[in-house]
Amino acid sequence: MPDFIEVYEGLLDPDWCAAVCRRFDASAHVEGRVGGGVYPELKKSRDLDISSRPEWSDVSGPLMGAVLKALLAYLRTYPYALVAPLMLEFRPADGGAPRRLGAGDLAAMDDAGLVALVQQLLRPGSINLQRYTAGEGGYPYWHCELYPRDANAETLHRTLLWTVYLNEDFDEGETEFLYQRRRVVPKTGSVLIAPTAFTHTHRGNRPVGGDKYIATSWILFNRAEQIFGRAG
């Protein structure tokens, strides 16, 4: 049975990843946060949100390019990630009557068509670069990414999480999923994608013998008014 955890290897060059790690170390970064604030007993890291920083666009661009490649592959494997939540109609290329989008339709789309659908339905979250210091850093608290935190319900729009592993020169430090009993070993340049809900409760284990660097964020559904238009 599938566990809906997918890892796509070799999407980013290791030398590029190493340069991002060095640049992170040379930049101002802050104590890592969880949804409710700074709690180092739950998560101990150094973090840098690069999405709002134009000077980091040369990093966020390649990261999102790699994530998009992984996302297209993920949706072809699990088309119901889009089909199940949304009853979408489309008009066939032969000009026939509109009909419901099915899993087979999505799987058969070429990349351009699938990218267009992704842009219509989904949006990226902010990208957070993180460093977990050897022997002390980690995210040992079992958590998921879907929770009712803010009045705009942005955190409830998260549907998939992603992590890009920027290095692998350490021991342990896996991303561990509770119910799937699976530990993903970081590999430089690979992209992890998994669902955000409690079914994929996870934690980041402490690295040993070297610091661990990642980039991480979410794929969110667009807001209803963008997908369906405003009522009235």
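An account of the accompanying structure is given in this report. (Residues numbered from 1 in each chain as written. Predicted model: local features only at pLDDT ≥ 70, side-chain atom pairs only at ≥ 80, totals over all residues. Heavy atoms only, no water.)

## Details of a nonpolar patch on the surface
A cluster of nonpolar residues, Leu 178, Tyr 179 and Phe 198, forms a patch on the protein surface that exposes about 340 Å² of accessible area. Examined against the element boundaries, Phe 198 turns out to sit in the loop between strand 13 (191-195) and strand 14 (202-204). (Patch = residues over 30% accessible without salt bridge, like charges linked within 9 Å, V, L, I, M, F, W, Y side chains within 5 Å. Areas by Shrake-Rupley, 256 points an atom, 1.4 Å probe, with all protein chains shown as cover. Salt bridge = Lys/Arg side-chain N within 4 Å of Asp/Glu carboxyl O. Helix = DSSP H or I, 4+ residues; strand = E, 2+ residues; numbered from the N terminus.)

## Comments concerning the nonpolar core
Among soluble globular proteins, nonpolar side chains are generally buried collectively. Residues Leu 63, Leu 129, Val 164 and Ile 193 are the most contacted members of the largest nonpolar core, which totals 43 residues. Listing elements by their share of this core, those giving two or more residues are helix 1 (14-25), helix 2 (57-77), helix 3 (80-83), helix 5 (111-121), strand 9 (158-165), strand 13 and strand 16 (212-221). Per-element tally for this core: the top contributor is helix 2, with nine residues. Among all residues touching Leu 129, those that are not within four sequence positions of it are Val 20, Phe 24, Arg 46, Asp 47, Leu 48, Ile 50, Trp 56, Leu 63, Leu 166, Ile 214 and Ala 215. Core analysis: the second largest hydrophobic core is formed by 11 residues, Leu 161, Val 184, Leu 192 and Ala 194 among them. (Core = buried A, V, L, I, M, F, W, Y, C linked by side-chain atoms within 4.5 Å. Buried < 20%, exposed > 50% of the residue type's maximum accessible area, 1.4 Å probe, protein only. Contact = heavy atoms within 4.5 Å.)

## Some remarks on the packing of helix 2 against helix 5
Taken N-terminus to C-terminus, the directions of helix 2 and helix 5 make an angle of 95°; their axes are 11 Å apart at the nearest point. Between helix 2 and helix 5, the interaxial angle falls into the category roughly perpendicular. Seen from helix 2, the contacting residues are Leu 68, Leu 71, Leu 72, Leu 75 and Arg 76; seen from helix 5, they are Asp 111, Leu 114, Val 115 and Val 118. (Axes fitted to C-alpha atoms, helices over the stretch in contact; angles between N-to-C directions. Parallel < 35°, antiparallel > 145°, perpendicular 65-115°, else oblique.)

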